[in-house]
2 protein chains.
Amino acid sequence: MPLAPLFRPIDVAPAYQKVADAIEREIVNGRIKPGDPIGTEHDLVRQFGVNRSTIREGIRVLEEGGLIRRDSSRRLHACLPRYSKLASRLSRALVLHEVTFRELYEASMTLEVASIEGAVERATDANLVELDDNLVRSEAVVGSPAALAECDAEFHVLVAKASQNRVLQLAREPAAQLFYPTTEMIVTGVAEGGPRLVAAHRHLIDAIRRRDREAGVLWTRRHLQDWRRGFEKIASLDRSVEHMYMEHAQAARRR
Amino acid sequence: MPLAPLFRPIDVAPAYQKVADAIEREIVNGRIKPGDPIGTEHDLVRQFGVNRSTIREGIRVLEEGGLIRRDSSRRLHACLPRYSKLASRLSRALVLHEVTFRELYEASMTLEVASIEGAVERATDANLVELDDNLVRSEAVVGSPAALAECDAEFHVLVAKASQNRVLQLAREPAAQLFYPTTEMIVTGVAEGGPRLVAAHRHLIDAIRRRDREAGVLWTRRHLQDWRRGFEKIASLDRSVEHMYMEHAQAARRR
DNA sequence: TTCTGTCCCTTTGTCCGACAAAGCTAGAGG
DNA sequence: CCTCTAGCTTTGTCGGACAAAGGGACAGAA
């Protein structure tokens, strides 16, 4: 018979973890604001009363979590975690969990439609300028799959941004990052892929400008279905996202 | 006139970063599989030819990224990043970016509807057993706001799980984590809140069991609108998520 | 046999001290 | 007032050290 649970496990976190937690707490509850400097390592050594090596391990944890950064002069300061970095963590996780392209497609259908709906409703003139600019650049590289795929990824980021909904913006990003490399492959393999992609973007911008929700949703669906048709010429939707796709996300994260 | 670009910038990442990158690469591209042991710190010192302090800093980075863990005996091994941990990173970021409850509500409306649609279409018997079990436990604690809020959070995780779409599962989690504390406040403040919540869950399970998509979407909408009405009795939807809400997520992550 | 206590080796967490390289600062010199 | 150089500071890395805890092997007790 197992023992009755008389004691709860004791909290014995290593010192570096406690250092990280302490600093994190100050940032998350707002006592340290984004941009505020954290002291030097030596300062932290004095404040926490532990060795510099221990402090440094704690700093690594916070740095990886995106809560603190070193500016150009390597001084530490608190900062707002950046979406693209967080999203690439998630993309990495999705790859490791071997999600299928079907899951990506289905989730993106939902998320991109929601994005366009928000954009149609709330896009500002500044958003439209960015989108127009993206369209011009896309048209210029319609013959170059890699560059076009990059423009496509940026386009959808801009649409999400135009929705003014940061939760949505963040939620769609991981899946979108995994789409990106396949777009390049599809545009390469399917002759009319590039022009169709740019045409869809044009219709989407138009829908946003006219605040025409129906058209926005319609063209988003078509755009994604185009991706799907193109993808299915190359592979099955039930294939899991493969490891090699991560290399794009990795390169993006390092920037 | 600027110099012709004769040289590319040299990669001058610090050693600990290179260590982390090297190990990450092996895990992400599949040469090290989840569960595989990483060597001891001493092994890594030998392999990379750097000091143990440097190795340890690299390990912290990977640990925080969720790519490696220490098992009960503190030995290192690769592992699959856990959704709840990643999601709480995102929740933390959303709090720091001071997103509004309106953004949360709008995004969740999309994500939870998509979840239920997937669940209605693909839920297995095992999923239904879990949901039924959750319902029973919810009914038992309908008078206790904290416990009920926890059940509610779990319920929606289970629905997302039943959708069999892990991308969706991951995408909805950050917003859901921020909902959780407010649910407790609402159930506390609004008398009929608890019973209505449980009733909605019952209808949702019923819709999943009958594979009735319309009903599923309808009751998800109602459920969320209930939350919204309850929330608006307490505060404005345009208020930003506040720092104190993070404490729940923090506690969850530490587990 | 099965459990327990002991000894030893390994591994981790932490500490100390040190040093080169790069940034920053302030005073010297124009 | 501006520039340049000589410190001082800070970071990244190194080497070595030690206590605590885990794991394994082994002997003795129930």
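Residues numbered from 1 in each chain as written. Chains lettered and ligands numbered in written order. Predicted model: local features only at pLDDT ≥ 70, side-chain atom pairs only at ≥ 80, totals over all residues. Heavy atoms only, no water.

## Quick word on the environment of valine 19 of chain A
Formally: The way it works is that DSSP assigns letters per residue, a run of H or I at least four long becomes a helix, a run of E at least two long becomes a strand, and they are numbered from the N terminus. Throughout, a contact is declared for two residues whenever any of their heavy atoms are within 4.5 Å.
Structurally, the position occupied by valine 19 of chain A is in helix α1 (residues 15-28). Each residue touching valine 19 of chain A, except ones within four places of it in the same chain, is listed here: Phe48, Val50 and Ile55 of chain A.

## As for helix α8 (residues 166-189) of chain A
Residues and elements named next belong to chain A. Rules: Every helix has an expected span of 1.5 Å times one less than the residues it contains. Axes are fitted to the seven residues ending at a residue and to the seven starting at it; the angle between these axes is taken as the bend at that residue. Accessible area is worked out with a 1.4 Å probe on protein chains only. A residue is then buried under 20% of its type maximum, exposed over 50%, and partly exposed in between. Polar contacts here mean pairs of N or O atoms no more than 3.5 Å apart (in protein, one a potential hydrogen donor and the other a potential acceptor; neighbouring residues in sequence count only if both atoms are side-chain atoms).
Taking 1.5 Å per residue, 24 residues should reach 34 Å; α8 reaches 34 Å between its end C-alpha atoms and fits that length. Of all bends in α8, the biggest is about 40°, found at glutamate 173, and the proline proline 174 comes one to four residues later. Of all 24 residues that make up α8, 18 are buried, and the element is covered over most of its length. Two to three positions downstream of the cap, the backbone nitrogen of valine 167 sits 2.9 Å from a side-chain oxygen, assigning the N-cap of α8 to asparagine 165.

## Structural notes on the packing of aromatic side chains
How we decide: Only Phe, Tyr and Trp rings take part, Trp by its six-membered ring, and two of them pair if their centres are within 6.5 Å. Stacked means planes under 30 degrees apart, edge-to-face means over 60, and tilted covers everything else. Any Lys NZ or Arg CZ that is within 6 Å of a ring centre and within 35 degrees of that ring's normal is treated as a charge sitting over the ring.
Scanning the entire structure with this criterion turns up 10 aromatic pairs over all chains. Considering the side-chain rings of tryptophan 227 of chain A and phenylalanine 231 of chain A, the 5.0 Å spacing of their centres and the 20° angle between planes classify their relative orientation as stacked. In this pair, tryptophan 227 of chain A and phenylalanine 231 of chain A are both assigned in helix α10 (residues 213-234), four residues apart and thus about one turn of the helix distant. Each member of the pair, tryptophan 227 of chain A as well as phenylalanine 231 of chain A, carries the same accessibility label: buried. Above the face of the tryptophan 219 of chain A ring, arginine 222 of chain A is positioned so that its terminal group lies 4.5 Å from the ring centre. Here the basic side chain of arginine 60 of chain B rests over the ring of tyrosine 16 of chain A, its NZ or CZ set 4.0 Å away from the ring centre.

## Regarding unusual backbone geometry
Residue and element names in this part refer to chain B. Positive phi outside glycine occurs at glutamate 98, with the angle close to 55°. Within the secondary structure layout, glutamate 98 lies in the loop between α4 (83-96) and α5 (101-122). Residue glutamate 98 is classed as partly exposed on the basis of its relative accessible area, which comes to 44%. Phi at glutamine 164 takes a positive value of approximately 60°, unusual for a residue other than glycine.

## As for the pattern of salt bridges
Residues and elements named next belong to chain A. Definition in use: One speaks of a salt bridge when a side-chain nitrogen belonging to Lys or Arg is within 4 Å of a carboxyl oxygen belonging to Asp or Glu.
The tally for this structure, following the rule as stated, stands at 56 salt bridges over all chains. The salt bridge involving glutamate 139 is made with arginine 202; its shortest N-O contact spans 2.4 Å. Residue glutamate 139 is located in helix α6 (residues 125-140), and its partner arginine 202 is located in helix α9 (residues 193-209); the two are separated by 63 residues in the primary sequence. Looking at arginine 202, the relative accessible area reads 41%, which means it is partly exposed.

## Focus on the interface of chain B and chain A
The cut-off we apply is this: Put simply, buried area is how much 1.4 Å-probe accessible surface two parts lose in total, over both of them, once they are put together. In this classification, the charged set is Asp, Glu, Lys and Arg, the nonpolar set is Ala, Val, Leu, Ile, Met, Phe, Trp, Tyr, Cys and Pro, and all remaining amino acids, among them Gly, are polar.
Facing 51 residues of chain B, the contacting portion of chain A comprises 50 residues. In total, about 4,900 Å² of surface goes out of reach between chain B and chain A, with carbon and sulfur atoms giving 59% of it. By the criterion of area lost to chain A, the three top residues of chain B are Leu96, His97 and Val167 of chain B, representing 13% of everything that side buries. The residue glutamate 106 of chain A makes a salt bridge to arginine 122 of chain B at a minimum N-O spacing of 2.8 Å. Between the two partners, chain B and chain A, sit 24 residue pairs in polar contact (both at pLDDT 80 or more). Mapped onto the side of chain B that touches chain A, the elements with two or more residues apiece are α1 (15-28), α3 (52-64), α4, α5, α8 (166-189) and α11 (246-254) of chain B. Residue composition of the side of chain B that touches chain A, by class: 24 nonpolar, 10 polar and 17 charged.

## Let's talk about the domain arrangement of chain A
In many reports, interface size means the accessible area that the parts give up when they come together. So the rule is basically this: A domain assignment, automatic or from a database, supplies the domain bounds used here.
Assigned domains within chain A: domain 1 (15-78) and domain 2 (83-254). The C-alpha centroid of domain 2 of chain A is placed 36 Å from the C-alpha centroid of domain 1 of chain A.

## Some words on the protein's contact with DNA strand D
Definition in use: The rule for a residue being near a molecule or strand is that one of its heavy atoms must lie within 4 Å of it.
Residues in contact with DNA strand D amount to 17 residues; listed here are only the nearest, Arg52 of chain A together with Ala15, Asn51, Thr54 and Ser73 of chain B. Taking all atoms of DNA strand D within 4 Å of the protein, the share assigned to sugar and phosphate is 73%. A distance of 2.8 Å separates a base oxygen of DNA strand D from a polar side-chain atom of arginine 52 of chain A. Within the side chain of arginine 56 of chain A, one N or O atom sits 3.0 Å away from a phosphate oxygen of DNA strand D. Every element with two or more residues in the surface near DNA strand D is listed here: α3 (52-65) of chain A together with α1 and α3 of chain B. Element by element, the count of residues in the surface near DNA strand D is highest for α3 of chain A, at three residues.

## Some remarks on the protein's contact with DNA strand C
By nearness alone, 18 residues border DNA strand C, and Ala15, Asn51, Thr54 and Ser73 of chain A together with Arg52 of chain B come closest of all. For DNA strand C, the fraction of atoms within 4 Å of the protein that belong to sugar or phosphate moieties is 70%. Here threonine 54 of chain A contributes a side-chain N or O atom positioned 2.8 Å from a phosphate oxygen of DNA strand C. Measuring from a base oxygen of DNA strand C, one finds a side-chain N or O atom of arginine 52 of chain B at 2.7 Å. Listing elements by their share of the surface near DNA strand C, those giving two or more residues are α1 and α3 of chain A together with α3 of chain B. In terms of residue class, the surface near DNA strand C is made up of four nonpolar, five polar and nine charged.

## Some thoughts on the environment of threonine 124 of chain B
Relative to the assigned elements, threonine 124 of chain B resides in the loop between α5 and α6 (125-140). The class of threonine 124 of chain B is partly exposed, set by a relative accessible area of 35%.

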